[in-house]
Amino acid sequence: MKRFFASWFLFVLLASLVVLQATAAAQPAQKNVILATTTSTQDSGLLDVLIPMFEKKTGYFVKTIAVGSGQAMAMGAKGEADVLLVHSQAAEKKFMADGNGVERRIVMHNDFIIVGPPSDPARIKGTKKATDAFKKIAASGSIFTSRGDNSGTHAKEKDIWKTAGVKYEGEKWYQQTGLGMGQTLAVAAEKKTYTLADRGTYLALKKGLGLDILVEGDGILLNVYHVIEVNPKKWPKANFAGGKAFADFMVSKEAQAVIKTFGVEKFGSPLFFPDAGKKEEALGI
Amino acid sequence: MTTILGAKNLNVIRGGSLLVDVRDMEIFEGETLSLIGPNGAGKTTLLQALSYLMKPSAGQILFRGQAVGTNQRVLEYRRKLAMVFQEPLLFDTTVIGNVMSGLKIRGVGASEARRIVEPQLERFGIAHLRDRSARTLSGGEAQRTSLARAFAISPEILFLDEPFAALDPPTRESIVTDLEKVLAETKTTTIMATHDRNEALRLSDRIAVMEGGRIAQIDRPAVVMNRPVDEFVASFVGTETILEGEVRDTNETALIVGVNGSEIEVVGRGRIGEKVVLCIRPENVTLAIPDGTVKTSARNAFRGRIGRIVPLGLFHKVEIACGFALVAYVTTHALEDLSLKEGNEIAASVKATAIHVIRKSGA
Amino acid sequence: MDIILEGILKAFILLVTFDREVLGITWFSLKVSGTATFISLFFGMSVGTVVALTQFPGRKFVVSLINTGMALPPVVVGLFVTIFLWRNGPLGFLEILYTPAAMILAQAIIATPIVTGISLAAMQQLPRKMRLQILALGATRLQMVRILIREARLPLLAAVMAGFGGVISEVGASIMVGGNIKGYTRVLTTATVMETSRGNFDIAIALGIILLLFAYAINLVLTYVQQRERPR
């Protein structure tokens, strides 16, 4: 009886593997491009427009894996993605320095805004510099809600605190959600706190949220997106042709035009600003 | 009489213990053989070994002379027999579904199986329960179904493992009666393990007394009951008085045995000075009021005092001290008639022919 | 509270208007979890039956492993499957990461211990002598197993429902090995997480309600089949 079950067992195991292989083989590998990007990028909805355009034009099938910024960079560093669309300056520079990427090209930027309750207890409305606003929030002891999830937004926020020279770790007024942008905004709105958000997500949720834009426009609040192809010399299995095709597409006139007008219809103002070909210094970062 | 089943040098060892050790056993076609013995004697194990539900550790089972497992395929052999257990072990379906299951296993089609099964349902008195779910049956109805299921495949040998132990007396009585009729009709060879001596007596052509995995005695009921081969069998079959003594005198037909200072005459053979064991069944002891008027044809008449009187349902057990311990059974009627009370003086007598001698040398 | 009502309304609208994307995601979820449950039935019922009916050294250890497997965190399964299926991982050559196949694989791994554990319990609660009785009726080993499975069909159906329930509701592994790719590997649970992350709570609630509705419908059918056999 044992022999019977053992052989039957093996048969089903092999059959399952064959079935799995068959279903996967529907997509020939070279046609797949694995794009690692961030949840906030996906949540903006921009990719829902751009990716179909790219797929139709080139015949590639893009697998958009939207994860935290840290995980996206790690995927690229392990050769598990073909191209990255991310927005974490420091991490990107390290990525390139480690030889993981081929080219790092600027695509677009959006900006962060500091939002908070209309009552504005820390009196930061209209402050020109973000660092000053943060200082005021700390001084007043008003609650600041952070994403606390090592995302691009979180990285930017930590950067501002550091530049402002303010201690925030472990402070009573500093709270971390560990959640995505949309959820963090919901929590901040519920508790009537300050938070740092990307304009795109804020605009998408603005109705019914109850938080006002209090500080905007400062150079440090710019969130710049780059597209980076994963280095095939380091990771031969990476689909360099596909990754490059995608990167080329993102900086092409066609895509840039779409980026320029994305969001106007729905929110009245664009969510992103196309920057392909520009020098970073020109943006005042 | 043809031997339908035989066991040779049969050993069953499980968990390091020798559960069954039967050197040579024969079962005759058409007979009903009962296995009796205390718990742990190996009755169930022997049944399972004989039916090849359990593989023997050593030895052979021979079905009509062919060794099962060697020249006789196990599955083929198993399909010639049926077993009914103490629990009905019915399947979760209707009564008729259950009774047909043995046939379905043998590949018999549904309508053909139904046809074959109808008379079985009648025989065991469950025809009116045909479409009932097995889960709704009473204990008696369920066991009848189990029996019908066994007979439906016309087994050459029927094994019964204490099939009526879990039933109340009236139900038991009713089923045993029906089974008796069916067995008389079909003359199916039956091997039955049971605790109930009366059942064994009633249904069996032969009785096998088991102890410690061995068969102590296998013979016709009358022989086993009245001429037990040793003390163990004697006490198990219900001989209440077992006495050790020494042969004092002999003549052609009888022995005089000395037991604790008294002398008892028994029919049998022996040598003077030989140590023997006397077995006296309590039914064979006659009691009378000790006034010398009532005469019996018994040579052995003893006077003593009544010790305990224990009620045992239909009769009473009376323990008497008359130089040795003697046990008698009397009906309630007799008890009242003789005004038997503990402490009373009593005269007891036993026929010399009703006493069984076991010679200590093991003959 | 309003947000929940908004969600219910949204769910209703999405269903009644046969919203293509939602229906597509729903159908895909059922296909993936259904296939995974089916695979887990093969492995689970056979292993559960064998372990229940045979004695072998180390049996108690195996049983405890199976029972522990029922508490296996799906997200941990997802992590391990992802690592194995990475391009540079041991099974990378299969190239099934971020495909429905990977999701079916991960879900099958999650469901199998559940189905095994309950099947094991189902077969063990049959009377010990039942096996002997079936053999005494002249059954072959194969016939005996078939009859035992039929006898235990009620709890075995529960195993199916438990396996299915475990995977239709899971999200951690599905996101990791599937990637939540629109129109390709997006299921109701992963879509719910995404919509919540975007702050679209009404859609998230709607998807959750739709998931519950379909899971309920399926279990209703299975329960009906199971309970139909109850004693009269």
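Residues numbered from 1 in each chain as written. Chains lettered and ligands numbered in written order. Predicted model: local features only at pLDDT ≥ 70, side-chain atom pairs only at ≥ 80, totals over all residues.

Colleague: What is the right way to look at the overall build of chain C in this model?
Modeller: Within chain C, the secondary structure is distributed over eleven helices and zero strands. N-terminal to C-terminal, the α/β element order of chain C is α-α-α-α-α-α-α-α-α-α-α. Dimensions of chain C along its principal axes, counting C-alpha atoms only, are 65 × 55 × 25 Å. Across the 232 residues of chain C, 47% fall into the buried class. Sequence-distant contacts, at least 24 apart, represent 77% of the contacts inside chain C between residues at least 6 apart. (Helix = DSSP H or I, 4+ residues; strand = E, 2+ residues; numbered from the N terminus. Buried ≥ 20, exposed ≤ 12 C-beta atoms within 10 Å, placed from the backbone. Contact = placed C-beta atoms within 7 Å.)

Colleague: Sorry if this is basic, but what is going on with the overall build of chain B here?
Modeller: In terms of regular secondary structure, chain B is built from ten helices and 20 strands. Taken along its principal axes, the extent of the C-alpha atoms in chain B is 75 × 45 × 35 Å. Residues classed as buried in chain B amount to 39% of the 363 residues present. When contacts within chain B are restricted to residue pairs at least 6 apart in sequence, long-range pairs at least 24 apart make up 65% of them.

Colleague: Would you take a moment to explain the domain arrangement of chain B for this structure?
Modeller: In many reports, interface size means the accessible area that the parts give up when they come together. Residue and element names in this part refer to chain B. The assigned domain composition of chain B is domain 1 (3–235) and domain 2 (240–359). Listed per partner, the contact involves seven residues of domain 1 and six residues of domain 2. The element that contributes the greatest number of residues to the side of domain 1 that touches domain 2 is helix α9 (residues 231–236), accounting for three residues. Partitioned by chemical class, the residues of the side of domain 1 that touches domain 2 number two nonpolar, two polar and three charged. (Domains from an automatic or database assignment. Nonpolar A, V, L, I, M, F, W, Y, C, P; charged D, E, K, R; others polar.)

Colleague: Whenever I open this one, the interface of chain C and chain B confuses me. Can you help?
Modeller: Chain C puts 15 residues into the contact, and the matching count from chain B is 19 residues. Mapped onto the side of chain C that touches chain B, the elements with two or more residues apiece are α6 (130–136) and α7 (141–151) of chain C. Along the lines of polarity and charge, the residues of the side of chain C that touches chain B split into eight nonpolar, four polar and three charged.

Colleague: Quick question: what am I supposed to make of the packing of helix α1 (residues 2–16) of chain C against helix α11 (residues 201–227) of chain C here?
Modeller: How two helices sit against one another is set out by the angle between their axes and by the gap between those axes. Residues and elements named next belong to chain C. Interhelical geometry of α1 versus α11 gives an angle of 65 degrees and a closest axis separation of 7 Å. Of the two possible hands of crossing, α1 and α11 adopt the one that is right-handed. Judged by residue contacts, I3, I4, E6, G7, I8, K10, A11, L14 and L15 of α1 engage F201, D202, I203, I205, A206, I209 and I210 from α11. A class-by-class count of the residues in the contact of α1 with α11 yields twelve nonpolar, one polar and three charged. (Axes fitted to C-alpha atoms, helices over the stretch in contact; angles between N-to-C directions. Left-handed = near helix turned anticlockwise from the far one by under 90°.)

Colleague: Quick question: what am I supposed to make of helix α4 (residues 74–85) of chain C here?
Modeller: Because each turn of an α-helix spans 3.6 residues, side chains separated by three or four positions in sequence point in the same direction. Residues and elements named next belong to chain C. Spanning twelve residues, α4 covers 16 Å between terminal C-alpha atoms, matching the ideal 16 Å at 1.5 Å per step. Three or more residues of α4 are buried, namely P74, V77, G78, V81, T82 and L85. Each buried residue of α4 lies within a common arc of 135 degrees when the element is viewed along its axis, so the set occupies one face. (Expected span 1.5 Å × (residues − 1). Arc of directions from axis to C-beta.)

Colleague: Please clarify how the nonpolar core should be interpreted in this entry.
Modeller: Across soluble globular proteins, you tend to see nonpolar side chains buried next to one another. In terms of nonpolar packing, the biggest core is built from 235 residues, with L35(A), V83(A), I114(A), A102(C) and A106(C) touching the most fellow members. At 16 residues, the largest contribution of residues to this core is made by helix α5 (residues 100–124) of chain C. Ignoring sequence-local partners within four residues, the contact set of V83(A) consists of V33(A), L35(A), V227(A), I228(A), E229(A), V230(A), G243(A), F246(A) and A247(A). (Core = buried A, V, L, I, M, F, W, Y, C linked by C-beta atoms within 7 Å.)

Colleague: How do you make sense of the arrangement of the chains when you look at a structure like this?
Modeller: Taken together, the two pairs of chains in contact show their highest number of contacts between chains A and C. You won't find any contact between chain A and chain B; their C-alpha atoms come no closer than 15 Å.

Colleague: I would appreciate a short explanation of the pairing of strand β2 (residues 17–28) of chain B in the present structure.
Modeller: Regular strands place their side chains on alternate faces of the sheet. Residues and elements named next belong to chain B. Sheet topology note: the strand β1 (residues 3–14)/β2 ladder contains ten bridges and is antiparallel. What sits directly across from N11, in β2, is D21. The antiparallel hairpin formed by β1 and β2 contains two residues in its connecting segment, where G15 sits at a positive phi of about 55 degrees. (Pairing = 2+ DSSP bridges.)

Colleague: I would appreciate a short explanation of the sheet that holds strand β4 (residues 58–63) of chain B in the present structure.
Modeller: By way of backbone hydrogen bonds, the strands of a sheet pair with one another, either parallel or antiparallel. Sheet architecture is open: four strands sit in the order β2-β1-β4-β5 (chain B), paired in antiparallel fashion. In the strand order of this sheet, the two ends are held by β2 and β5 (66–67) of chain B, each with one partner.

Colleague: Help me understand unusual backbone geometry in this model?
Modeller: Negative phi values dominate among residues other than glycine, just as trans dominates among peptide bonds. With a phi close to 55 degrees, R123(A) is a non-glycine residue in the positive phi region. Examined against the element boundaries, R123(A) turns out to sit in the loop between β4 (101–116) and α6 (130–140). Here R123(A) falls in the partly exposed class, since 13 other C-beta atoms lie within 10 Å of it. Of note in this structure, E162(B) is not a glycine but carries a positive phi near 45 degrees. When you line up the elements, E162(B) lands in the loop between β7 (157–161) and α6 (169–186).

Colleague: Would you explain the environment of I96(C) in this entry?
Modeller: Tracing the backbone through its elements, the reader meets I96(C) in the loop between α4 and α5. Considering only alpha carbons, one finds I96(C) and L85(C), eleven residues apart in sequence, at a separation of 6.8 Å.

Colleague: Mind showing me how you'd approach the environment of K278(A) here?
Modeller: All names here are of chain A. Here K278 lies in the segment after β10 (273–274). With 14 C-beta atoms counted inside 10 Å, the residue K278 sits in the partly exposed group. Counting along the chain gives 100 residues from K278 to G178, while the straight-line C-alpha distance between them is 34 Å.

Colleague: Teacher, can you tell me more about the sheet that holds strand β3 (residues 32–36) of chain B here?
Modeller: Residues and elements named next belong to chain B. Strand order across the open sheet formed by six strands is β6-β7-β8-β3-β9-β10, with mixed pairing between neighbours. Whereas interior strands pair on both sides, the edge strands pair on one side only; in this sheet they are β6 (81–84) and β10 (214–219). Here the strands of the sheet are splayed against their neighbours by 15 degrees on average, with no regard to which way each runs. Relative to strand β9 (residues 206–211), β3 runs parallel, the two sharing four bridges. Paired with S34 across the two strands is I207, which belongs to β9.

Colleague: For this particular structure, what's the right way to read the confidence of the model for chain C?
Modeller: Detailed reading of the predicted coordinates is not advisable wherever pLDDT is low. For chain C, per-residue confidence averages 89 on the pLDDT scale, and 98% of positions sit at 70 or higher. Confidence estimates for the predicted assembly give a pTM of 0.75 and an ipTM of 0.79. (pLDDT = per-residue confidence, 0-100.)

Colleague: How do you make sense of helix α8 (residues 153–168) of chain C when you look at a structure like this?
Modeller: Residues and elements named next belong to chain C. With 16 residues, α8 should reach 22 Å at 1.5 Å per residue; the first-to-last C-alpha distance of 22 Å fits that figure. Looking only at α8, the buried set comprises L156, A159, V160, G163, F164, G166, V167 and I168. The secondary structure elements touched by the buried residues of α8 are α2 (20–53), α5, α7 and α11.

Colleague: Just to check I follow, could you spell out the pairing of strand β18 (residues 325–331) of chain B for this structure?
Modeller: All names here are of chain B. Where strand β17 (residues 315–321) lies against β18, seven bridges are found, and the strand directions are antiparallel. Bridge assignment links E319 to a residue of β18, and that residue is V327. A loop of three residues connects β17 with β18, the two strands running antiparallel in sequence, and G323 in this loop sits at a positive phi of about 95 degrees.

Colleague: For this particular structure, what's the right way to read the packing of α6(A) against helix α7 (residues 152–164) of chain A?
Modeller: Residues and elements named next belong to chain A. The N-to-C vectors of α6 and α7 enclose an angle of 80 degrees; their axes lie 9 Å apart at closest approach. It follows from the interaxial angle that α6 and α7 lie roughly perpendicular. On α7, the residues that touch A130, T131, F134 and K135 of α6 are I160, W161, T163 and A164. (Parallel < 35°, antiparallel > 145°, perpendicular 65-115°, else oblique.)

Colleague: Looking at this structure, I do not really get the environment of G343(B). What am I missing?
Modeller: Residues and elements named next belong to chain B. Its place among the elements puts G343 in the loop between α10 (332–337) and β19 (345–350). Classification of G343 as exposed rests on a count of 7 C-beta atoms within 10 Å. Discounting residues that sit within four places of it in the chain, G343 has contacts with R305 and I306.

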